[in-house]
Amino acid sequence: MTDGWIKTTCAYCGVGCGVEARPKLSGELEIRGDKSHPANFGKLCTKGIALGDTVIHDGRSLEPVDYSIENGKPLDWDTATSQVARKFSEAIEKYGSDSVAFYVSGQLLTEDYYVANKLIKGFMGTSNIDSNSRLCMASSVVGHKRAFGSDTVPVCYDDLEQSELIVIVGSNLAWCHPVLFQRLRTAKQNNTAMKIVVVDPRKTDTCSIADEHLAINSGSDVSLFNGLLNHLNNHGCLDEVFIESHTNGFARTLELSQSEEGIDRVTGLTTEQLTNFYQLFAETEKVVTIYSQGVNQSSSGSDKVNSIINCHLATGKIGKVGCGPFSVTGQPNAMGGREVGALANTLAAHMEFENPEHIATVENFWKTDKLATKPGLKAVEMFDAMAEGKIKAVWIMATNPVVSLPNSEKIKAALKTCPYVVVSDCIEDTETTRFADLVLPAQGWSEKSGTVTNSERRISRQRRLLPSPGMAKPDWWIVSQVGQKMGFKEAFNYRHEGEVFREYAQLTIQGNREGQRDLDLIGLTHLDDKGYSRLEPQQWPVKALQTEIVNQRLFSNYQFFTDDKRARFIPIQHASPKSHTNDEFPLLLNSGRTRDHWHTMTRTGLSARLAEHRTEPYVLIHPETAAEFDVENGQVAKIYNAQGEFQARVEVTKNMLQKQLFVPIHWNNITAKNSKPCDLIAPHTDDFSGQPEFKHTPVTLKGCHYHSAAIFASELPMNLNDLDYWCRQKIEKGYLYRIESSLSVYELTQVLKQKLHGSEGRTLSVETGITGSQHRFANVIQQGLSQLVIIQTGIEEWQIEEAISDFNSLFDITAELAFLGQRSA
Ligand SMILES: Nc1nc2c(c(=O)[nH]1)N[C@H]1C(S)=C(S)[C@@H](COP(=O)(O)OP(=O)(O)OC[C@H]3O[C@@H](n4cnc5c(=O)[nH]c(N)nc54)[C@H](O)[C@@H]3O)O[C@H]1N2
Ligand SMILES: Nc1nc2c(c(=O)[nH]1)N[C@H]1C(S)=C(S)[C@@H](COP(=O)(O)OP(=O)(O)OC[C@H]3O[C@@H](n4cnc5c(=O)[nH]c(N)nc54)[C@H](O)[C@@H]3O)O[C@H]1N2
Ligand code: SF4
Ligand SMILES: [Mo]
């Protein structure tokens, strides 16, 4: 921490890169990678590098606002938190504890998460707290608990570099965990014997380092890995000593996998592809299988996870250097949420409802007689119950469910039905805050302070870098205030986040003296304020404060967290996804991520740099499918099914399998017209984990034949919902809208001219230039050119680029007339 550089952790993915930031007098942040951080050793990806672009205050939620009053009434914190306490208490009194719920997020810090879990499970007496991690990691949690008796990620990043074969299943590591991907690429360059196999229906950028890409049919991973288990058995490649000494359930598991039929047909792979992959796995000593949402987000997600773990157990490829199954986490603190236990079906700190001793331990520790003793509603169930009127008060923190949960219409209906909806967010206008009775302004990255845990169980500090705007407060503080006002003064009397962390660390050691549980932070229980403030990254279990970088892998003693300390094989069989294509909806919709955007774009949508990689919602489609459905590259197409519709620009590519479509999850009704995949996705879930099937939706598609197009650059966001198609891109001096319309050029010109007066009536003059079929006009306000519009029958990409640069560079010049004159000359 020299020269004003402050160490913190990236706001985005589960790689958990160390960042150094230096606030400038202007309020901007300089950003660089932290060379001493064991996750990234100084490297950052595009999103990490652009963190400084996103600390601007555009659209921030600045004060608590009561929206039950027309147009919203600003409240002070005391009134706002008293209202939440009163409404939740009233609901509990009248309808019982299970009538209230929290829906939280892997973007909370561990301290926030801990306090929220403590309040609802410990003092409101219900386990109706679930997290967006249900949409993300739940199947892995089930898989781990079934196999290991605990939610343990056994490997560390170092294992990737030491491995000889990396199997990447349902993960676009190159875009979603870019620094880990870079580390892997370097490791492969340094060790030419290292092999990489990618298993994904799509050919992604991750395949750029792969020796083999297995483009399996969507949803067929269990069949692939059951086939592998059989191959290992048939070719004498099992580790029989390991199976015999450290596991249970092998015979039954093998038997069931032997009944797996037609693996080539189910997976769509050739016998040669299968055999090559199976031989490679069998012959290689050190294998890591990385997996992510192509595995988890499936109606057989938990089984996919166990089919992978089964193969690692059968060959003893676990607990050893360079070996193991590796579920990479998505959000910066997905792991922290699992640790504190803020999921509906876990109690706290890796303790479980099924164990009476755990319940007693938590009850004593929290000094409460109100502890919930049974699991609560999982995310999809929670919103179902809400739609049925069973939830009377809900508090949503750091997640945007109207965009990210399946069947958006149903989520909206649920929120409308719920009598009291509180949303804590940093951003004022999200699709979810639009349904809130009360919006609470939360501190965001760079303002908040606490800890996060990355994919390799490494706990790092996020530090405060900048003052928070308006009245924004940390989530743990807001929840604590409500806890105190509900009458639990003592239990929520925290003065700062360090106190919360210490208490959480203490909880991890209760009843854990003999190492009964994997999560043990004894080495952090005595951290004083200075120690917390200076805390360096710590990889759990933390038996003693780590003063140097450690790389620990769990299960190296082959002792698991089951009663008999043996790992469990889970017998499974391939099951088809819950919905199927048919004549009406013959295409399969897959959804996922883009390199430079993050989820619902509330953050990355603020950076012009990040917007450049992908400027518009797109749909990837195979050339033959495009021809069959009569759509062309660059055309806007409509994708639809009985539930909803979606628009995006067509990108024809051989990287897709035939009859499959891929769309990004980022655009939504704030940033585009009808470009939200969850409008189409049904809430089918995995029976064990409750995780939704986001990657397998039957749909169909048709091209849109619009008559006119426009570019609209504007200093301020616009409301264009009356138009057929629009999407928004952040540019340096404002926003760029791409528009397509079924109106004629003339008609669209008239409509868009009306929009010029949108900016608070500050218009000084409107100038129009028409050249040939091109209509061009601008709205001039006081000091600058606030809007620039070009309308034609079609817009070319070069024209857009030119318009952006015109808009950015001419922004400060008052003489727009000269500009327009020049352009039409
Ligand atoms: N740039 C960026 N990075 C992110 C995020 C972001 O929003 N943007 N979000 C973070 C979060 S929260 C998460 S959870 C992670 C997600 O990280 P990933 O899981 O890597 O991302 P996705 O794009 O959702 O899906 C991964 C792949 O699964 C494939 N897939 C679909 N169906 C199947 C199948 O049946 N089998 C197999 N084997 N593969 C299939 C898809 O084609 C896709 O390429 O990313 C994290 N990192
Ligand atoms: N179709 C489809 N849907 C998906 C997925 C998919 O692959 N396909 N993936 C799923 C997965 S894995 C995930 S993780 C989810 C992500 O989905 P969401 O969690 O809904 O997405 P975000 O945009 O990250 O929402 C975070 C919100 O919290 C706010 N926020 C940020 N920091 C803070 C903070 O410190 N405090 C508070 N109170 N608010 C904060 C942000 O402004 C934003 O509004 O999407 C899921 N939905
Ligand atoms: S890899 Fe993930 S944690 Fe690292 S800089 Fe990129 S987004 Fe941030
Ligand atoms: Mo996620």
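Everything below is about the structure shown above.
Keep in mind that what you see is a predicted model, and the values were worked out from it rather than measured. (Residues numbered from 1 in each chain as written. Chains lettered and ligands numbered in written order. Predicted model: local features only at pLDDT ≥ 70, side-chain atom pairs only at ≥ 80, totals over all residues. Heavy atoms only, no water.)

Neighbouring ligand 1 are 35 residues, the closest being Asp200, Gly219, Ser292, Arg593 and His597. Contacts to ligand 1 include Arg595, whose backbone N or O atom sits 2.8 Å from a nitrogen atom. Starting from 920 Å² of accessible surface for ligand 1 in isolation, the protein chains cover 99%. For the shell around ligand 1, the secondary structure elements donating two or more residues are helix H6 (173–176), helix H13 (293–296) and strand S21 (587–592). Looking at the shell around ligand 1 residue by residue, the class counts come to nine nonpolar, 18 polar and eight charged. (Near = heavy atom within 4 Å. Polar contact = N/O pair within 3.5 Å; in protein donor to acceptor, adjacent residues only side chain to side chain. Areas by Shrake-Rupley, 256 points an atom, 1.4 Å probe, with all protein chains shown as cover. Helix = DSSP H or I, 4+ residues; strand = E, 2+ residues; numbered from the N terminus. Nonpolar A, V, L, I, M, F, W, Y, C, P; charged D, E, K, R; others polar.)

Strands sit in the order S17-S18-S19 across an open sheet of three strands; the sheet is antiparallel. Taken across any chain shown, the strands that pair with only one partner, and hence form the sheet edges, are strand S17 (450–453) and strand S19 (538–539). Sheet topology note: the S17/strand S18 (residues 458–462) ladder contains four bridges and is antiparallel. Pairing of Thr453 across the sheet is with Ile459, part of S18. (Pairing = 2+ DSSP bridges.)

With that settled, the discussion passes to the pairing of S17. Of the two faces of S17, both are covered, the one formed by Gly450 and Val452 as well as the one formed by Thr451 and Thr453. Between the end of S17 and the start of S18, which pair antiparallel, lie four residues, with Arg457 showing a positive phi angle near 65°. (Buried < 20%, exposed > 50% of the residue type's maximum accessible area, 1.4 Å probe, protein only.)

Turning to the pattern of salt bridges, a few remarks are in order. Under the counting rule described, the total for this entry stands at 42 salt bridges. Ionic pairing is found between Lys485 and Asp78, a salt bridge with its closest N-O pair at 2.6 Å. Taken together, the positions of Lys485 in helix H20 (residues 475–485) and Asp78 in helix H2 (residues 77–95) put the pair 407 residues apart, joining distant regions of the chain. The partly exposed category is assigned to Asp78, whose relative accessible area is 48%. (Salt bridge = Lys/Arg side-chain N within 4 Å of Asp/Glu carboxyl O.)

We now examine H20. Of all the 11 residues making up H20, nine are buried; the element is thus mostly covered by neighbouring parts of the structure. Turning to H20, its buried residues are Asp475, Trp476, Ile478, Val479, Ser480, Gln481, Val482, Gly483 and Gln484. Where H20 is buried, its residues contact H2, helix H3 (110–123), strand S14 (393–397), strand S15 (420–425), strand S16 (438–441) and helix H21 (497–509). Following H20 by one or two positions, Gly487 has its phi on the positive side, about 105°. (Contact = heavy atoms within 4.5 Å.)

All residues adjacent to ligand 3 are Cys10, Tyr12, Cys13, Val15, Gly16, Cys17, Leu44, Cys45, Lys47, Gly48, Pro178 and Val179. Contributing elements (two or more residues each) for the shell around ligand 3: helix H1 (46–49) and helix H7 (178–190). Of the residues belonging to the shell around ligand 3, the class tally is nine nonpolar, two polar and one charged.

Turning next to empty space enclosed by the protein. Within this structure, the stated rule accounts for five cavities of 30 Å³ or more. There is about 110 Å³ of room inside the second largest cavity. In terms of lining, the second largest cavity is formed by 14 residues, of which the most central are Lys7, Asp34, Arg463, Leu535 and Pro537. Of all the elements in the fold, those that place two or more residues in the lining of the second largest cavity are strand S1 (6–9) and S18. Top element by residues in the lining of the second largest cavity is S1. It accounts for three residues. Per-class residue counts for the lining of the second largest cavity are three nonpolar, five polar and six charged. (1 Å grid on protein atoms, 1.4 Å probe; cavity = no way out; pocket = protein on both sides within 12 Å on 5 of 7 lines; lining within 4 Å. Points joined across faces, edges and corners; volume = space filled by probe spheres on them.)

So, about the packing of aromatic side chains. The final tally for this structure, using the stated rule, is 24 aromatic pairs. With centroids separated by 5.5 Å and ring planes inclined at 85°, the aromatic side chains of Trp77 and Trp477 adopt a geometry described as edge-to-face. Here Trp77 is found in helix H2, whereas its partner Trp477 is found in helix H20, with 400 residues between them in sequence. A residue is classified by how much of its surface remains accessible, and Trp77, at 9% relative accessible area, is buried. A ring pair is formed by Phe250 and Phe569, whose centres lie 4.9 Å apart and whose planes are at 65°; its orientation type is edge-to-face. Taken as a pair, Phe250 in helix H10 (residues 250–258) and Phe569 in the loop between strand S20 (567–568) and S21 lie far apart in primary sequence, 319 residues in all. The pair formed by Phe250 and Phe569 is uniform in burial state, with each residue classed as buried. An aromatic cluster of at least three residues, connected via ring pairs, comprises Tyr114, Trp366, Phe501, Tyr504 and Tyr532. The ring of Trp5 has Arg32 lying over it, and the distance from NZ or CZ to the ring centre is 3.9 Å. (Phe/Tyr/Trp six-rings, centres within 6.5 Å; stacked < 30°, edge-to-face > 60°. Lys NZ or Arg CZ within 6 Å of the ring centre and 35° of its normal.)

We now examine the side chain of Thr432. Structurally, the position occupied by Thr432 is in the loop between S15 and S16. Look at Thr432 and you get buried, because its relative accessible area is 1%. Once you skip the residues sitting within four places of it in the chain, Thr432 turns out to touch Ile396, Asn400, Pro401, Val402, Leu415 and Val423.

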